[in-house]
Amino acid sequence: MKILAIETSCDDTSIAIVDCQGDLNNLQFTVLSNVISSQIKIHQKFGGVVPNLASREHAKNILPVLESARRQAKMSYQQIAREIDLIAVTIGPGLIPSLLIGVNFARSLSYFLNKPMVEVNHLAGHLYSCWLSASQKNYHFKVEFPLVTLLVSGGHTQLYYLKNITDIQLMGETRDDASGECFDKIAKILNLGYPGGPEIAKQASQFKSSMLNSKFQVRLPRPMINSNDYDFSFAGLKTAVLYLVEKLKKQKLYNASIKKYICFDAQEAVCEVLTYKTIKLAKDVKAKTILISGGVSANQRLRQMLKEKTEQKLPQAAFYAPEMNFCTDNAAMIASAGYINFLEGKTTNWKKVDAKPNLRIHD
Ligand code: KG4
Ligand code: ZN
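A.B. asks: Please provide a residue-by-residue account of the site of ligand 1, values included.
C.D. replies: The environment of ligand 1 is made up of 19 residues, and the closest members are Gly154, Asp184, Gly197, Gly295 and Asp329. Backbone polar atom of Gly295 to an oxygen atom of ligand 1: 3.0 Å apart, as the coordinates give it. The contact in question runs from an oxygen atom of ligand 1 to an N or O atom on the backbone of Asp329, over 3.0 Å. In isolation ligand 1 exposes 560 Å². Once the protein is present, 87% of that is buried. Most atoms of ligand 1, that is more than half of them, are within 2 Å of grid points of the largest pocket. Taken together, the elements giving at least two residues each to the shell around ligand 1 come down to helix H5 (122-134), helix H6 (179-189) and helix H7 (196-205). Shared between two domains, the shell around ligand 1 holds at least three residues of each, these being domain 1 (2-138 + 325-352) and domain 2 (147-287).

A.B. asks: Talk me through the coordination of the zinc ion (ligand 2); I want residue IDs and the actual numbers.
C.D. replies: Reference values for coordination geometry: four tetrahedral donors around a metal ideally subtend 109.5 degrees, six octahedral donors ideally subtend 90 or 180 degrees. Only His122 (NE2), His126 (NE2) and Asp329 (OD) from the protein coordinate the zinc ion (ligand 2), and they sit 2.0 to 2.1 Å from it. Viewed at the metal, the 4 donor atoms of the zinc ion (ligand 2) are separated by angles of 96 to 135 degrees, and the geometry they form is tetrahedral. Mapped onto the polypeptide sequence, the residues donating to the zinc ion (ligand 2) form the spacing pattern H-x3-H-x202-D. On the criterion of helical spacing, the pair formed by His122 and His126 is a turn pair, its members being 4 residues apart in helix H5. A relative accessible area of 0% means that His126 is categorised as buried.

A.B. asks: Account for the sheet that holds strand S2 (residues 12-21), with residues named and values stated.
C.D. replies: Across the sheet, 5 strands lie side by side as S3-S2-S1-S4-S5; this open sheet has mixed pairing. This sheet does not close on itself; its edge strands, each paired only once, are strand S3 (28-38) and strand S5 (117-121). Within this sheet the neighbouring strands show an average axis-to-axis angle of 20 degrees, counted without direction. Inspection of the sheet shows strand S1 (residues 2-7) paired to strand S4 (residues 84-92) by 5 bridges, in the parallel sense. Its bridge partner lying in S4, Leu4 is registered against Ile87. Running at roughly 160 degrees to S4, helix H4 (residues 96-113) makes contact with S1, S2, S4 and S5 of the sheet. Packing of H5 onto the sheet brings it into contact with S1, S3, S4 and S5, and relative to S5 it is tilted by some 95 degrees.

A.B. asks: Kindly report on the environment of Asp11, identifying the contributing residues and their values.
C.D. replies: With respect to the helices and strands, the residue Asp11 is situated in the loop between S1 and S2. For Asp11, a relative accessible area of 7% puts it in the buried group. Taking C-alpha positions, Asp11 is 8.7 Å from Ser37, a pair spaced 26 residues apart along the chain. Setting aside its immediate chain neighbours within four residues, Asp11 contacts Ser37, Ser38, Gln39, His43, Val49, His58 and Tyr194.

A.B. asks: I'd like to hear about the packing of helix H9 (residues 256-284) against helix H10 (residues 300-313), residue by residue, with values.
C.D. replies: Where H9 meets H10, the axes come as close as 9 Å, and the angle between the chain directions of the two elements is 35 degrees. Handedness of the H9/H10 crossing: right-handed. Contact with H9, carried on its side by Gln267, Glu268, Cys271, Glu272, Leu274, Thr275, Thr278, Ile279 and Lys283, involves Arg301, Leu302, Met305, Leu306, Lys309, Thr310 and Lys313 of H10 and no other residues of that element. When its residues are assigned to classes, the contact of H9 with H10 shows 6 nonpolar, 4 polar and 6 charged.

A.B. asks: I'd love a proper account of the domain arrangement of the chain, names of residues and values included.
C.D. replies: Segmentation of the chain into domains returns domain 1 (2-138 + 325-352) and domain 2 (147-287). Taken together, the 17 residues of domain 1 in the interface contact 14 residues of domain 2. In total, domain 1 and domain 2 occlude about 1,300 Å² of area from one another, counting both sides; carbon and sulfur atoms represent 74% of this. Inspection of the region where domain 1 meets domain 2 yields 0 salt bridges. Counting across the domain 1 and domain 2 interface gives 2 residue pairs in polar contact (both at pLDDT 80 or more). Looking at the side of domain 1 that touches domain 2, the elements that each hand over two or more residues are helix H1 (40-44) and H5. Examining the composition of the side of domain 1 that touches domain 2, we find that 5 residues originate from one element, H5, more than from any other. For the side of domain 1 that touches domain 2, the per-class residue count stands at 11 nonpolar, 4 polar and 2 charged.

A.B. asks: Give a detailed account of the side chain of Lys115, specifying residues and quantitative values.
C.D. replies: Inspection of the secondary structure puts Lys115 in the loop between H4 and S5. The side chain of Lys115 is buried and forms no salt bridge, while Asp85, the nearest opposite charge, is found at 6.1 Å. Here Lys115 is in contact with Ile80, Ala81, Arg82, Ile84, Ile87 and Ser110, once residues within four sequence places are set aside.

A.B. asks: Requested: an account of the layout of surface pockets, with residues and values cited.
C.D. replies: In this approach, a probe sized like a water molecule rolls over the atoms, and the result shows the empty space that is left. Considering only enclosed or pocket space, the largest pocket measures out at about 1,000 Å³ in volume. Forming the boundary of the largest pocket are 38 residues, of which Ser153, Gly154, Gly155, Asp184 and Tyr194 lie nearest the centre. Those elements that provide at least two residues to the lining of the largest pocket are H5, H6 and H7. No other element matches the 6 residues that H6 contributes to the lining of the largest pocket. For the lining of the largest pocket, the class distribution of residues is 14 nonpolar, 16 polar and 8 charged. Counting contributing residues per domain, the lining of the largest pocket is built from domain 1 (2-138 + 325-352) and domain 2 (147-287), each supplying no fewer than three.

Rules behind the numbers
Residues numbered from 1 in each chain as written. Chains lettered and ligands numbered in written order. Predicted model: local features only at pLDDT ≥ 70, side-chain atom pairs only at ≥ 80, totals over all residues. Heavy atoms only, no water. Near = heavy atom within 4 Å. Polar contact = N/O pair within 3.5 Å; in protein donor to acceptor, adjacent residues only side chain to side chain. Areas by Shrake-Rupley, 256 points an atom, 1.4 Å probe, with all protein chains shown as cover. 1 Å grid on protein atoms, 1.4 Å probe; cavity = no way out; pocket = protein on both sides within 12 Å on 5 of 7 lines; lining within 4 Å. Sits in = over half its atoms within 2 Å of the grid points. Helix = DSSP H or I, 4+ residues; strand = E, 2+ residues; numbered from the N terminus. Domains from an automatic or database assignment. Donors = N, O, S within 2.8 Å, 3.2 Å for Na, K, Ca; no water. Tetrahedral: all angles 85-135°; square planar, octahedral: opposite > 155°, others 65-115°. Buried < 20%, exposed > 50% of the residue type's maximum accessible area, 1.4 Å probe, protein only. Pairing = 2+ DSSP bridges. Axes fitted to C-alpha atoms, helices over the stretch in contact; angles between N-to-C directions. Contact = heavy atoms within 4.5 Å. Left-handed = near helix turned anticlockwise from the far one by under 90°. Nonpolar A, V, L, I, M, F, W, Y, C, P; charged D, E, K, R; others polar. Buried area = accessible area lost by both parts, 1.4 Å probe. Salt bridge = Lys/Arg side-chain N within 4 Å of Asp/Glu carboxyl O. Lys, Arg positive; Asp, Glu negative; His and termini not counted. Points joined across faces, edges and corners; volume = space filled by probe spheres on them.

Okay, here's the thing in structure tokens:
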């Protein structure tokens, strides 16, 4: 079946057309198109997403994005009307002004094209982006249960345990800031661009220990790394960076090399905590597969650390990360989660579809 999926939960307007085949044990996804219109340039000057601006941009971009998705999939209007079987839309979690644009656009399409709809949880979209990646050419990975997945994005940092593809248990999450949010806030303190994650990764990759005076010995905290649970906390790390920068500026020690070091150590701190807790859960549940997803899963250091620690600590398990273009927000992942909902019989009528900004995975 062909699914037309719509994602507008934050600052990316995305529409995808995905051919979905198979059952829950053998999912096959062919992405015919996955168009993403980013609003980074608009929000950059504010150092974060401004909800009302995001909503305006979604409203402006959604039709051109549909048009691009149709063209990329090489489908005529008649084919869209005839061949699309289901419309999937993100209903939450996210910013209500943003969500409403996608939800109402999807409802209108469903009404006029007379197609059933499926509501999709954005977090399930991230989670299943690994299955979407698994069906891509040259991207071989085999998912075996039990499975542990770390979902790391701008709004969430959560650890899930999956007994099978639809039995999802939340085992731990951040008590304050999400890991992506921590990168974004640290980047703002350091006067780097938005979104902060890629900027911090870039600065960190340029750091060499020879850049620092040997007397400079500062190490950022690794919050909650030894707590006896699967939870996280990143607000303190951001505050530690804020105080450190203020102190270094007063001492006239703050310079470009120290800034690169702060990025390097902040990235190490976030990746170490994320890796430590993920491996701890994977060991406790005897996981056969470890996955990551969400915007922060694009981070190469996090991928490397998780891969190395999985090989060292759980040699019987395998670690996989999604394709790079399925890490940050995109509608193809919403189609994959929508198909899984469809296989579970969760289609609905456009009249019942509504945005739920605080949606959780079991709601
Ligand atoms: O999943 P996503 O696109 O949106 C949400 O659902 O939040 O994630 C966006 C987050 C931002 O906080 C951004 O800084 C972070 O993902 N991010 C990264 C990288 N690319 C994006 N963090 C670290 N390293 C990256 N390469
Ligand atoms: Zn997301």
